Amino acid sequence: MSKLWGGRFTKQTNKLVEEYTASIQFDKELAEEDIEGSLAHVQMLSECGVITKNDKEEIKRGLNVVLEKIQSGEFEYDVSHEDIHMNIEKALIEEIGPVGGKLHTGRSRNDQVATDMHMYLVKKVKQFIAHIELVQEAILTQAEEHLETVLPGYTHLQRAQPVSFAHHILAYFWMFERDKERFQDSLKRSNMMPLGAGALAGTTFPIDRHRSAELLGFDSVYPNSMDAVSDRDFILEFLSNASMLMMHMSRLSEELVIWSSQEFQFIELDDSFCTGSSIMPQKKNPDVPELLRAKTGRVYGNLFSLLTVLKGLPLAYNKDMQEDKEGMFDTAKTLDGALQLLAPMIATMTVKKENMKQAVNEDYSNATDIADYLVNKGMTFRESHEMIGKIVLHCIQQNKYLLDLSLDEYKQFSTLFEEDVFEILKPYNVMNARKSYGGTSPEQIQNQLDLAKKHLKLVEKIT
Ligand code: ARG
């Protein structure tokens with residue numbers, strides 16, 4: 001069938017060129033947005049007197065027939081019509097005849113494709129915000145159950161100070177809270193409409209862009225037609241926010257992998273979230289967090305790919321911009337998968353608090369607290385740090401922990417030690433003693449939980 005832009009050409013397009021320049025293979029994902037945009041466009045055109053009411057009705061009827069065919073899977077996409085916009089327009093003209101040719105009045109594919117992508121992303125970002133909340137809710141539930149569960153806190157992956165499991169896992173709540181805020185904030189910029197910018201310079205028809213925006217639910221309209229058709233910042237911002245979210249989910253996944261190892265045994269992922277080995281019958285592998293961790297790479301890649309595509313482009317539209325889509329769809333799909341699995345995986349995991357407790361009983365993560373103890377008895381922190389270092393060394397040489405030493409042994413290091421040192425050294429007390437704002441004492445964590453719950457409600461109101 002002839003091309004919609006065939007008038008100026010005397011030769012057929014080379015088949016390889018057709019394949020190479022087409023985007024229908026992947027932009028068919030935008031079909032529904034494209035039709036929704038067209039329905040609003042014709043409505044506006046008729047309200048502005050650019051096309052008649054009858055033509056508008058006929059075009060709308062035709063577009064709805066095409067939409068049904070797409071939704072039922074009956075629609076035949078044709079690579080010779082290059083992209084979703086021309087596939088739909090061709091199908092419309094076939095359905096209702098030449099009047100369908102009025103649909104493209106006062107617009108170009110350049111503003112059309114940008115509009116479709118804005119619509120797609122606004123819809124997806126709102127879904128992601130809701131899905132992040134499901135992960136946050138799963139975290140809150142585990143935190144509420146494990147306010148008093150003590151485990152080693154690490155720095156440099158070396159035992160540092162005991163913390164509550166609730167405190168550890170809530171750290172991720174706040175990372176996801178920032179991710180959510182970033183997505184929320186990005187809506188201000190992505191919920192802006194390019195439609196009516198034409199190819200680049202606007203249009204000679206008396207259109208009303210604000211009316212189209214109102215019909216499509218956009219908050220605002222691009223004030224500059226050249227910016228409207230060449231801006232892809234909203235996609236970059238999405239890819240960047242997605243990268244950070246993936247990085248957070250990947251860090252959490254890394255902890256889940258470590259914690260489920262035989263060496264740690266701090267948690268056990270539910271059987272329904274693990275897979276086995278084809279050779280070693282004993283294996284239960286944490287494939288989901290491993291894959292999630294790995295898929296972070298493709299999201300970063302998509303961000304870098306688009307940054308690179310755009311960096312040398314002159315205004316306004318360039319065909320290079322067609323390369324913005326696959327990375328965006330791939331990122332959306334990757335986020336969908338990760339977010340949907342993470343929430344139930346966290347909700348169903350078993351926290352092995354006895355193993356965590358045993359771990360803190362067998363380390364020196366209470367050393368800071370005896371250092372603080374001597375400071376409270378009048379020693380300077382530097383002196384006491386030095387002395388506790390020596391006590392730890394003594395313990396290591398004797399194959400003992402700090403709670404195993406007798407008061408006499410302590411007194412050989414300093415006469416400031418009294419019987420009360422043993423209470424201070426108990427891991428629960430060490431955790432409970434950190435009562436500074438944002439610290440790991442259960443009382444502080446309770447405040448943190450209350451604040452976290454308020455945040456969840458707050459975002460419900462603004463989305
Ligand atoms: N498929 C194109 C894209 O995704 C649509 C815009 C084409 N515009 C053009 N002037 N060739 O970028």
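Anything mentioned here points back to the structure above.
The structure presented is a predicted model; accordingly, all values stated were derived computationally and were not measured.

What counts as what
- Starting from 1, residues in each chain are numbered consecutively following that chain's sequence as written.
- Under the rules for a predicted model, residues below a pLDDT of 70 receive no local features and side-chain atom pairs below 80 are neither given nor counted, while totals for whole chains, interfaces and linings still include all residues.
- Side-chain measures were taken over the full set of non-hydrogen atoms in the model, leaving aside hydrogen atoms and water.
- Per the convention used, a helix needs a DSSP run of H or I reaching at least four residues, while a strand needs a run of E reaching at least two, with both numbered from the N terminus.
- In this scheme, a helix's expected span is set at 1.5 Å multiplied by one less than its residue total.
- Partly exposed residues are those whose accessible area sits between 20% and 50% of the maximum for their type, while under 20% is buried and over 50% is exposed, using a 1.4 Å probe and protein chains only.
- Directions drawn from the helix axis to the C-beta atoms are what define this arc.
- The contact criterion used is simple: two residues touch if any of their non-hydrogen atoms lie within 4.5 Å.
- When DSSP finds two or more bridges between a pair of strands, those strands are recorded as paired.
- Two rings belonging to Phe, Tyr or Trp (six-membered ring only in the last case) form a pair when the distance between their centres is within 6.5 Å. Interplanar angles under 30 degrees mark stacking, angles over 60 mark edge-to-face geometry, and anything in between is tilted.
- Axis angles are defined between N-to-C directions and span 0 to 180 degrees, where every axis is a line fitted to C-alpha atoms and, for a helix, only to the segment in contact.
- The labels follow the angle: roughly parallel below 35 degrees, roughly antiparallel above 145, roughly perpendicular from 65 to 115, and oblique for the rest.
- Note on convention: near helix rotated counterclockwise from far helix by under a right angle means a left-handed crossing. Clockwise means right-handed.
- A patch is a set of surface residues, each over 30% in relative accessible area and not in a salt bridge, joined within 9 Å for like charges and within 5 Å for the nonpolar side chains Val, Leu, Ile, Met, Phe, Trp and Tyr.
- Using the Shrake-Rupley algorithm and a 1.4 Å probe, accessible areas are obtained, with residue cover drawn only from the displayed protein chains.
- Only one rule defines a salt bridge in this text: a Lys or Arg side-chain nitrogen within 4 Å of an Asp or Glu carboxyl oxygen.
- We call a set of buried Ala, Val, Leu, Ile, Met, Phe, Trp, Tyr and Cys residues a nonpolar core when their side-chain atoms join them within 4.5 Å.
- Residue proximity to a molecule or strand is established when one non-hydrogen atom of the residue lies within 4 Å of it.
- Under this definition, polar contacts are N or O atom pairs within 3.5 Å; protein pairs additionally need one hydrogen-donor-capable and one acceptor-capable atom, and for neighbouring residues in sequence, both atoms have to be side-chain atoms.
- Under the grouping applied here, Gly and all other residues not named as nonpolar or charged are polar, the nonpolar ones being Ala, Val, Leu, Ile, Met, Phe, Trp, Tyr, Cys and Pro and the charged ones Asp, Glu, Lys and Arg.

Considering helix α4 (residues 53-72)
Part 1 of the argument: Between its terminal C-alpha atoms α4 stretches 29 Å, which fits the 28 Å expected from 20 residues at 1.5 Å a residue.
Part 2 of the argument: Listed in full, the buried residues belonging to α4 are D55, K56, I59, G62, L63, V66, L67 and I70. Along the axis of α4, the buried residues cluster in a sector spanning 145 degrees; they form a single face. Turned more than 90 degrees off the buried face of α4, the exposed positions are K53, N54 and E68.
Part 3 of the argument: Tucked inside the fold, the buried residues of α4 contact α3 (31-47) and α5 (84-96).

Section: α3
Part 1 of the argument: Along its 17 residues, α3 runs 25 Å from first to last C-alpha, staying within 8% of the 24 Å computed at 1.5 Å per residue.
Part 2 of the argument: Of all the 17 residues making up α3, 13 are buried; the element is thus mostly covered by neighbouring parts of the structure.

Here we look at the pairing of strand β1 (residues 150-155)
Part 1 of the argument: Inspection of the sheet shows β1 paired to strand β2 (residues 158-164) by six bridges, in the antiparallel sense. When the bridges of β2 are listed, T155 appears paired with Q158.
Part 2 of the argument: Once β1 ends, the chain turns through two residues before running back antiparallel as β2, passing H156 with a positive phi of about 55 degrees.

Quick word on the packing of aromatic side chains
One pair of aromatic rings is described through two measures. These are the centre distance and the angle between the planes.
Part 1 of the argument: In the structure shown here, the tally under the stated rule is 14 aromatic pairs.
Part 2 of the argument: Consider the rings of F128 and F183, whose centres lie 6.3 Å apart with planes at 35 degrees: the pair is tilted. Pair noted here: F128 is in helix α6 (residues 109-145) and F183 is in helix α7 (residues 165-190), with a separation of 55 residues, a long-range link. Of the two residues examined, F128 and F183, each falls in the buried class.
Part 3 of the argument: Here Y410 and F417 contribute two aromatic rings whose centre-to-centre distance is 4.8 Å and whose plane-to-plane angle is 45 degrees, an arrangement assigned as tilted.
Part 4 of the argument: Among the aromatic residues, those joined into a ring-pair cluster are Y373, Y410, F417 and F422.

Overview of the environment of F413
Part 1 of the argument: Mapped onto the elements of the fold, F413 is located in helix α16 (residues 407-413).
Part 2 of the argument: A relative accessible area of 27% places F413 in the partly exposed class.
Part 3 of the argument: Placed 203 residues apart in sequence, F413 and H210 show a C-alpha to C-alpha distance of 79 Å.
Part 4 of the argument: Contacts of F413, omitting those with residues within four sequence positions, involve M387, K390, I391 and H394.

Concerning the packing of α3 against helix α8 (residues 209-216)
Part 1 of the argument: Running from amino to carboxyl end, α3 crosses α8 at an angle of 140 degrees, the nearest separation of the two axes being 9 Å. Relative to α8, the element α3 lies oblique. Regarding α3 and α8, the two cross each other, and that crossing is right-handed. Facing α3, whose interface residues are E36, G37, A40, Q43, M44 and E47, α8 presents R211, S212, L215 and L216.

Let's talk about a nonpolar patch on the surface
Part 1 of the argument: On the surface, a nonpolar cluster with roughly 270 Å² of combined accessible area is contributed by L200, M226 and L315.
Part 2 of the argument: Here M226 shows up in helix α9 (residues 225-230).
Part 3 of the argument: Take M226: its relative accessible area is 33%, and that puts it in the partly exposed class.

Here's the deal with the nonpolar core
Part 1 of the argument: Counting residues in hydrophobic clusters, the biggest one holds 97 residues, and the most contacted among them are I139, F176, F238, M249, L335, L342 and M349.
Part 2 of the argument: Top element by residues in this core is α6. It accounts for 14 residues.
Part 3 of the argument: Excluding residues within four positions of it along the chain, F238 makes contact with L121, V125, F128, F183, M328, T331, A332 and L335.
Part 4 of the argument: Listed in part, the 19 residues of the second largest apolar core include I370, Y373, L407 and Y410.

Here's the deal with the site of the ligand
Part 1 of the argument: Residues in contact with the ligand, as listed here, are S23, D83, H85, R109, N110, V113, Y317, Q322 and K325.
Part 2 of the argument: Residue Y317 places a side-chain N or O atom 2.5 Å away from an oxygen atom belonging to the ligand.
Part 3 of the argument: Contact with the protein chains hides 86% of the accessible area of the ligand, taken as 340 Å² for the molecule alone.
Part 4 of the argument: Among the elements that take part in the shell around the ligand, α6 stands out by supplying three residues, more than any other.
Part 5 of the argument: Taken together, the residues of the shell around the ligand break down into two nonpolar, four polar and three charged.

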